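Next come the chains, spelled out residue by residue.
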Amino acid sequence: MQPRLGTGSVAQVLRLTDGRTARPVSLPPDGRRLVRLRALPTLQSGAMGIDDVRVMVVADVLRRALEVSRVVVVHAMGLPPTVPRELARGLERHLTAFNVHPPIAEDDGRADVEVVPTGGAKGDANGDAGARVEVARVRSLLTAPLPGGTPGDAPEADPLALRLALLAHPYREPVELTPDAVAEAALSLASWRAQVAGWARSSSAPVSESLQAEARAALDADLDTPSLLALLDLIGTTADLPDGARFEALVWMDRLLGLDLARDLGSG
């Protein structure tokens, strides 16, 4: 879909593609205002890899999108049977690096929606796994270790640039993650952060309902994060928006994307 600053109705539900049936499903189910969200990284070799990072980032955006729509989300992370549960505490460093909120609930195997890597965990056999969001794999051409790994590592990339590079692709499509792609994402982040810091000096203006509708429509279109990112660029180039409105719009959009766009406020 092409983003635009036009009119539209705010989505009350999110429609996603169920990996089991390839059919659209709606969240929250049955009009409820509470969703149980479960992410299932594979944790190959007992550590979080780039496929796991993508799963957790997609789950985090899904959580954010539901919460912006005033849905209560209880999110958990399921660990493979071969991984000690004590490892979950060690994963918090990875999650924090990528601006993913750590799970707040103990995993009991129940979920309204599971987020899993394609070909990965399939949920519990009790049939209570709900919908399944299958996140395509990542072919990483990066040589540096992932941020949030062993203390003392010196990764080349801002972890949020990695997050942005992953969100630039539909979650159901495979990604080839190259140093150039991460560098381009880092430049985009720096530009947006500088714009937000500059626009913050102007008088504030409310986020328009039409903009919120456009953003939620992108999320409602199977969590279309590339269109959401394109909307960020459009906000910066639309001529009739005052700078205060641009500031509020990007800060509001960052509630969905989790890119820390207001990081440079007050700098310089």
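Residues numbered from 1 in each chain as written. Predicted model: local features only at pLDDT ≥ 70, side-chain atom pairs only at ≥ 80, totals over all residues. Heavy atoms only, no water.

(A) Geometry of the sheet that holds strand 3 (residues 34-39). Spatially, 4-3-5-6 is the arrangement adopted by the four strands of the open sheet, whose pairing is parallel. Each edge of the open sheet carries a strand with a single partner, namely strand 4 (72-77) and strand 6 (131-135). Taken over all neighbouring pairs, the strand axes of this sheet differ in orientation by 20° on average, direction set aside. In this sheet, strand 6 lies alongside strand 5 (residues 113-117) in parallel orientation, the contact comprising five bridges. Residue pairing in the sheet places Glu 114 in a bridge with Arg 132 of strand 6. (Pairing = 2+ DSSP bridges. Helix = DSSP H or I, 4+ residues; strand = E, 2+ residues; numbered from the N terminus. Axes fitted to C-alpha atoms, helices over the stretch in contact; angles between N-to-C directions.)

(B) Expanded view of the packing of helix 6 (residues 209-220) against helix 8 (residues 243-257). Across the interface, helix 6 lies against helix 8 with an axial gap of 11 Å and an inter-helix angle of 25°. The angle between helix 6 and helix 8 falls in the class roughly parallel. Helix 6 and helix 8 meet at a crossing whose hand is right-handed. Side by side, helix 6 and helix 8 meet where Leu 211, Gln 212, Ala 215, Arg 216 and Leu 219 of the first sit next to Ala 249, Trp 252, Met 253 and Leu 256 of the second. A class-by-class count of the residues in the contact of helix 6 with helix 8 yields seven nonpolar, one polar and one charged. (Parallel < 35°, antiparallel > 145°, perpendicular 65-115°, else oblique. Left-handed = near helix turned anticlockwise from the far one by under 90°. Contact = heavy atoms within 4.5 Å. Nonpolar A, V, L, I, M, F, W, Y, C, P; charged D, E, K, R; others polar.)

(C) Here's a closer look at the pattern of salt bridges. Counted according to the given criterion, the structure contains 19 salt bridges. Residue Asp 60 pairs with Arg 64 through a salt bridge whose shortest N-O separation is 2.8 Å. One end of the pair is Asp 60 and the other is Arg 64, both in helix 1 (residues 50-68) and four residues apart, which spans about a single turn. Asp 60 sits in the buried class, given a relative accessible area of 2%. Using a relative accessible area of 10% as the deciding quantity, one classes Arg 64 as buried. Here Arg 246 makes a salt bridge to Asp 243, at a shortest N to O gap of 3.3 Å. (Salt bridge = Lys/Arg side-chain N within 4 Å of Asp/Glu carboxyl O. Buried < 20%, exposed > 50% of the residue type's maximum accessible area, 1.4 Å probe, protein only.)

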